[in-house]
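# Breakdown of the fold
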Amino acid sequence: MDIHLSQFYGTNHVPSDTELLEIERLLAPHSARLSQLEKDLEEAEAKVSRLKKEREDVLRVIKPLKSLSSLIRRFPREVMELIFMHSIPPTASRRSNLSICHAPMVLLRVCKLWREIALTTPQLWASVELSTVPHLYDSSGNALSVKQQQRVALFLEQFDRWLELSESYPLSISARGPPFDPGDITTQSLASKVAIHSRRWESIDFDISERLVFPFTGIVAEALPTLKYARFHAYSFSFSAGDSPNFLDILTAPNLKGLQIQVAQSCHGISNMPINWTNLTHLSLDGSHMYLQDLPSQNVQLTANEMLPVLNKCRNLRILSLLLISTRDPLPEPEPQLEVTLSKLEALNAAGCRLQIHHLLQSIETPSIRQVNYQLFHKSSLPAGELPLSLAPPLKSFLERYGNQIEVLAVNLPTVSREDLQSWLECAPALKQLTLGEELQFAPLLPPLLRVSIDHEREFDDSCIGLLTPNQNHPYLCPNLKIFRCSMKARISIDTILAFLKARSDPLLVGNDRIIEEVTIHQLPYDAPFGDSTDAEDGRFESIREAGVRLSFRKSYYYQFKPEVAGMQADISAPGFGPGYGVDFNLY
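Residues numbered from 1 in each chain as written. Predicted model: local features only at pLDDT ≥ 70, side-chain atom pairs only at ≥ 80, totals over all residues. Heavy atoms only, no water.

### Some thoughts on the overall build of the protein chain
In terms of regular secondary structure, the protein chain is built from 15 helices and 18 strands. Looking at the protein chain as a whole, 46% of its 588 residues qualify as buried. Looking at the protein chain alone, contacts between residues at least 24 apart form 78% of all its contacts between residues at least 6 apart. (Helix = DSSP H or I, 4+ residues; strand = E, 2+ residues; numbered from the N terminus. Buried < 20%, exposed > 50% of the residue type's maximum accessible area, 1.4 Å probe, protein only. Contact = heavy atoms within 4.5 Å.)

### A short note on unusual backbone geometry
The backbone of E167 sits at a positive phi, close to 50°, despite the residue not being glycine. Here E167 shows up in the loop between helix 5 (146–165) and strand 2 (171–175). Despite not being glycine, C478 has its phi angle at roughly 55°, a positive value. As for its position among the elements, C478 is in the loop between helix 12 (462–468) and strand 15 (483–486). Note on C478: relative accessible area 2%, which makes it buried.

### Focus on the UniProt feature "coiled-coil region" (unreviewed entry) in the protein chain
Under the UniProt annotation, the feature "coiled-coil region" (unreviewed entry) is placed at residues 27–61. Across residues 27–61, the secondary structure splits into 100% helix and 0% strand, with the terminal C-alpha atoms separated by 51 Å. (UniProt positions renumbered as here; feature names shortened; annotations may be inferred.)

### Focus: the pattern of salt bridges
As enumerated under the stated definition, the model contains 13 salt bridges in all. Linking D205 and R231 is a salt bridge whose minimum nitrogen-to-oxygen distance equals 3.2 Å. In this pair, D205 is assigned in strand 3 (residues 201–207) and R231 in strand 4 (residues 229–238), connecting sequence segments 26 residues apart. As far as the burial class goes, D205 and R231 line up, both buried. Between E346 and R318 there is a salt bridge, and its shortest N-O distance comes to 3.3 Å. Here E346, found in the loop between strand 8 (340–341) and strand 9 (347–352), pairs with R318, found in the loop between helix 8 (304–311) and strand 7 (319–324); they are 28 residues apart in sequence, far enough to count as distant. Through salt bridges with shared partners, one network takes in K53, D57 and R60. (Salt bridge = Lys/Arg side-chain N within 4 Å of Asp/Glu carboxyl O.)

### Quick notes on the packing of aromatic side chains
One pass over the structure, following the stated rule, counts seven aromatic pairs. Arranged with centres 5.1 Å apart and planes meeting at 50°, the rings of F398 and Y402 form a pair that is tilted. Residue F398 and its partner Y402 are located together in helix 10 (residues 393–402), separated by four residues, close to a single helical turn. Like Y402, F398 is buried. Residues F484 and F500 carry aromatic rings whose centres are separated by 6.2 Å and whose planes lie at 70° to one another, so their mutual orientation is edge-to-face. Highlighted residues: F484 in strand 15 and F500 in helix 13 (residues 494–504), separated in sequence by 16 residues. The pair F484 / F500 is uniform in exposure class, with both members buried. Ring pairing ties together the aromatic residues F460, F484 and F500, which thus form one cluster. (Phe/Tyr/Trp six-rings, centres within 6.5 Å; stacked < 30°, edge-to-face > 60°.)

### A word on the confidence of the model for the protein chain
Chain-level pLDDT for the protein chain is 77 on average; 73% of the residues reach the 70-or-more range. Here helix 1 (residues 2–6) stands out as the element of the protein chain with the lowest mean pLDDT, 67, in contrast to strand 10 (residues 364–365), whose mean of 92 is the highest. Counted against residues more than four places away or in other chains, residues 289–300, with its pLDDT under 50, gives 30 contacts. (pLDDT = per-residue confidence, 0-100.)

### Section: the nonpolar core
Within the largest apolar cluster, 122 residues are counted, with the highest numbers of intra-cluster contacts made by W201, L283, L311, F460, F484, V519 and F553. Looking at this core, the element that brings in the most residues is helix 5, giving seven residues. In contact with L311, other than residues within four places in its own chain, are L283, L317, L320, L322, V340, L342, L360 and I364. (Core = buried A, V, L, I, M, F, W, Y, C linked by side-chain atoms within 4.5 Å.)

Here it is as structure tokens:
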């Protein structure tokens, strides 16, 4: 009968009395079963509810016990403070540490312990930004509303609290955020609050190109007894008489040790700066846009001749970084009486015009030098078409004098010949770290503009690696090499790189204390047999990694061997992943 009734499913059929009786007969057992299921579900739901409640009771007991036994509770307070300090955005970052999304503010909202540690660690609050939050002012110039005024008052109150939390710890002042109106009462209030603590200033980082006026013109040198580092950025500086920047009082601070000035166009009369040059241990003079423009020579004054009188005063200089600009005038040969001795200089970064760098290197004596960064960024002052293909002589002549003591060498060029590389390395037997290419520890903002004709470009190839490969039958260069980084265009066979790595990690060939620590080779061609995410699983490198060697290979997909890869780029911004043996050129 059920089969008979099924033919009416989904139709408009009206059952007869006989059919209704049959339907009731069929429904009876199913209705009983449904009632039982509903009862069982109610009992199950009641049990689930009871179990959930029991679970919540157990969790309330377990949670505080687990919290008490957590590993982070056993961290010494000193370790937590160091971790918190490393969470602070770097000074050069555009991230504001006044934001509740960044440290130290975000640390206050994690837990009671973290909040207590953050509030009692003055170092966390020793970095002060002179900037206002956008919603605190009206960019249209209209008067602030009552609500905005209340926000400003609260912001200034919290800023006072920030300074209080720093206690007596030395302050780092930064003003590199979005530009603001110096006539704004909020800006004036911030500047006055920071100026009150000028005797605690340790460093200042100020972007003058984004400010209409310098807010601390009233501070005299005597009010800055602890200021050690100053970094200024501007479109143009001029230190000529009657046209001096309005921040010179800060530059006359009695204990200033480090100075960095970065300009976008010109830097005139830098030798006239009222600085106690003898005190400086760190000097950096460079620019971000000067070398992009074909400026008249009278507008660009940062040359070797301009710098030599300044360096002659820097008797205690340890770290020096210069971006030297090309001029249209021929450079004279250095005169013996004009030579400058920098007896304590340990690290030199020389960038810019090839001839200017050559003139500088010929004019200075550096008996303590141990690190050299050599970067050509500007076209030579030689007439067009007369640029020599060999770029070795300026660097080679310097290495011939001091190569026996240089441990770190970084050369930023688009390409290098085997002959030039060999001439450098033969002069530097003590070398521990060699970096070739644009991925340096320190460099101005843009890659080098110097390019030789493409017909003469040479890749970093097997023969270059062969210079560094230990061999029992033949001498090899740089026996003390620990770190090798190359981001020049390279075409190296797998057999050559494996031979190099195995030899450099073989204690029988190099000794236990001379096993290489890191090899980074980027800008490999796209069709190289290695240089991708599977390198860590490549069995050919297993023994090398087991010896403790850090490896990083990366292909450069914009290095064109086939037309179809045009326009594809690989990220080559990351340097090698080891700490290295070089000094840090960053000011602070």
